Amino acid sequence: MNQTSKAHLTPPKRRLIELMQDINFGRITNIPVRDGEPELTPDTVIEREIKLGGQSGPRPERDQDDFILKQEVVALLEHLTQMGSGKVCLLEIKHGLPFLMRIEERAA
């Protein structure tokens, strides 16, 4: 089985993974995608869920230079590659991992 690691990702994909780990629980909206690469822009919005009395901080993996990517992350990156260019309207994050993605595509 071929496994993908963080160190083999492009810088934009690495930044997105690190941002998800930093958020831990929440959402990222309005992520443009160009040629399969996510672009974090000033219009990209980050929403954090703060669990009062619970763990709300970044994931411990956040500062690791390399690790094997979880299945959910690999699936997200594959969708971005297949998408080519477009926009991720919503990326929901749970436990630092992508949980749900809503995308915008053009009909023509």
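As a reminder, the structure under discussion sits directly above these lines.
Worth saying up front: this structure is predicted, and the values here are computed from it rather than measured.

Asker: What exactly am I supposed to notice about the environment of Ile31 here?
Answerer: Examined against the element boundaries, Ile31 turns out to sit in strand β1 (residues 26-34). For the pair formed by Ile31 and Val88, sequence separation is 57 residues and the distance between their alpha carbons is 5.0 Å. Those residues in contact with Ile31 that lie beyond four places of it in its chain are Leu16, Pro38, Glu39, Leu40, Thr44, Gly86, Lys87, Val88 and Leu91.

Asker: Quick question: what am I supposed to make of the pattern of salt bridges here?
Answerer: Oppositely charged side chains may form a pair once their charged atoms are brought near each other. Under the criterion given, the structure shown has eight salt bridges. Residue Glu37 pairs with Lys13 through a salt bridge whose shortest N-O separation is 3.7 Å. On the criterion of sequence distance, the pair formed by Glu37 in strand β2 (residues 37-38) and Lys13 in helix α1 (residues 11-23) is long-range, its members being 24 residues apart. Residue Glu37 is classed as buried on the basis of its relative accessible area, which comes to 19%. Notably, a salt bridge pairs Lys87 with Glu104, separated by 3.8 Å at the nearest N-O pair. Taken together, the residues Lys87 in strand β4 (residues 86-94) and Glu104 in strand β5 (residues 97-104) connect sequence positions 17 residues apart. Note on Lys87: relative accessible area 25%, which makes it partly exposed. What makes Glu104 partly exposed here is its relative accessible area of 29%. Sharing partners across several salt bridges, the network here consists of Arg27, Glu47 and Glu49.

Asker: What am I meant to see in unusual backbone geometry here?
Answerer: Excluding glycine, residues mostly have negative phi values, and the peptide bonds linking residues are mostly trans. Positive phi values are uncommon outside glycine, yet Asn24 reaches one of about 70 degrees. Examined against the element boundaries, Asn24 turns out to sit in the loop between α1 and β1. Since its relative accessible area comes to 0%, Asn24 is described here as buried. At Asp35, a position not held by glycine, the phi torsion is positive, near 55 degrees.

Conventions and cut-offs
Every chain's residues receive numbers from 1 upward, in the order its sequence appears when written. The predicted nature of this model means local features are confined to residues of pLDDT at least 70 and side-chain atom pairs, given and counted, to a pLDDT of 80 or more, with totals for whole chains, interfaces and linings taken over all residues. To obtain the side-chain values, all non-hydrogen atoms of the structure were included, while hydrogens and water were left out. By definition, any uninterrupted DSSP run of H or I lasting at least four residues is a helix, any uninterrupted run of E lasting at least two residues is a strand, and each is numbered from the N terminus. When checking whether two residues touch, look at their non-hydrogen atoms; a contact exists if any pair is within 4.5 Å. Should a side-chain nitrogen of Lys or Arg be within 4 Å of a carboxyl oxygen of Asp or Glu, the pair is scored as a salt bridge. Note on exposure labels: buried denotes an accessible area under 20% of the residue type's maximum, exposed denotes more than 50%, and partly exposed covers the range between, all computed with a 1.4 Å probe on protein chains only.

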